[in-house]
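Spelled out from the first residue to the last, the chains are:
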Amino acid sequence: MKKPLGLPCLLAASLFLASCNKYIYVPNTVNAPLLKEKHELKASISPTNYQAAFAVANKIAIMANGQYVYRWDLNDNDTRSNDDDLFLDKHTRGGVFEGAVGFFQPLDTKKRMIFDTYAGFGAGRFKTLDRAFNDDGSTGIVNDYQLTTRFSKFFVQPSIGFVHPVFEAVFSSRVSVLNFYGMGAGDKAFAGQETQRAEFLRISNGTHALLEPAFTFRVGYKYVKFQSQFSFMLPFDDATYGGYELNEYFQPVSVGMGVSINIGQWYNKQ
């Protein structure tokens, strides 16, 4: 085990490594609702994430999150030339669904500063292509290069932030524990590298703890706001798999943008 790297080091590393990584895990958007009152509802939607949280009682809430990453058609052999994005593995496809129960607490009399924390469970799957797919000049079957995985996920997610009818700013620090299973590698993935193939499949041998800090901003008026989030993935695991560190298989930096909808009685009291 080792301490997570600082954010500046992570960003520098991602600039150097991301263009050659193969991601079998893409962190979903952190759902940081910062609810204030009973029966308040906050939901958000973006191209890859769909989230909602509802206060079932004063200080108690539930949430549901869905993610679906679809970056290109895995049956399209002409996409070899498109794998040049600096931060994203364009071959990645999959997602996760999760639910959670949480507690929220206003920290001042005007209920502008809010603290909340959620604990939840989820499951998902991802697939991508081994880098040999881009190196192989032949028009082989895509499935021969696929890297696939399924996983279960437990997470704890404390957040604190400022909530106003016009602007919201939230810092979250999610800790996720992943258990991988059903991992597979196509016949041509890790071709001639049986040791690396065995090491890659070894990811499913144990649990992997991740620290996923996120900064969320919402701007708009009352019920509808534009939402943006910047999040990072910091693995505690320092082992190597297939010759690569774990964060070379897990996407280290994510940027999300979407729309947030908030339905609550407190707007009428402003």
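Per chain, residues are indexed from 1 in the order of the written sequence. Predicted model: local features are reported for residues with pLDDT of at least 70 only, side-chain atom pairs are reported and counted for 80 or more only, and whole-chain, interface and lining totals are derived from all residues. Note that the side-chain values use all heavy atoms of the structure and ignore hydrogens as well as water.

A few points about the pattern of salt bridges
The salt bridge criterion pairs a side-chain nitrogen of Lys or Arg with a carboxyl oxygen of Asp or Glu, the two atoms within 4 Å. Summed over the entire model, instances satisfying the criterion amount to 6 salt bridges. Residue glutamate 168 is joined to lysine 225 by a salt bridge in which the shortest nitrogen-to-oxygen separation is 3.5 Å. Note that glutamate 168 is positioned in strand 7 (residues 167-185) and lysine 225 in strand 9 (residues 224-232), a separation of 57 residues in sequence. We classify glutamate 168 as buried; its relative accessible area is 1%. A simple rule labels every residue: compare its accessible area, found with a 1.4 Å probe on the protein chains alone, to the largest value its type can have, and call it buried under 20%, exposed over 50%, or partly exposed in between. Overall, lysine 225 belongs to the buried group, its relative accessible area being 4%. Measuring nitrogen to oxygen at the nearest pair gives 2.8 Å for the salt bridge that ties glutamate 212 to arginine 174. Of this pair, glutamate 212 sits in strand 8 (residues 207-221) while arginine 174 sits in strand 7; the two residues are 38 residues apart in sequence, bridging distant segments of the chain. One exposure class covers both glutamate 212 and arginine 174, and it is buried. One salt-bridge network, in which partners are shared between bridges, spans Lys42, Glu168, Arg218 and Lys225. Think of it this way: any DSSP run of H or I at least four residues long counts as a helix, any run of E at least two long counts as a strand, and we number them from the N terminus.

Thoughts on the nonpolar core
Counting 22 residues, the largest nonpolar core has Ile24, Tyr25, Phe180, Phe200, Ile203, Tyr249 and Phe250 as its most contacted members. Of all elements in the fold, only strand 6 (146-163) and strand 7 reach the threshold of two or more residues within this core. It is strand 7 that contributes the most residues to this core, 3 residues altogether. What phenylalanine 250 contacts, discounting residues up to four positions off in sequence, is Tyr23, Ile24, Tyr25, Leu178, Phe180, Leu210 and Met233. By size, the runner-up hydrophobic cluster in this structure holds 9 residues, among which are Leu35, Ala55, Phe104 and Phe155. In this text, buried Ala, Val, Leu, Ile, Met, Phe, Trp, Tyr and Cys residues form a nonpolar core when linked through side-chain atoms within 4.5 Å. The contact criterion used throughout is that any non-hydrogen atoms of two residues lie within 4.5 Å.

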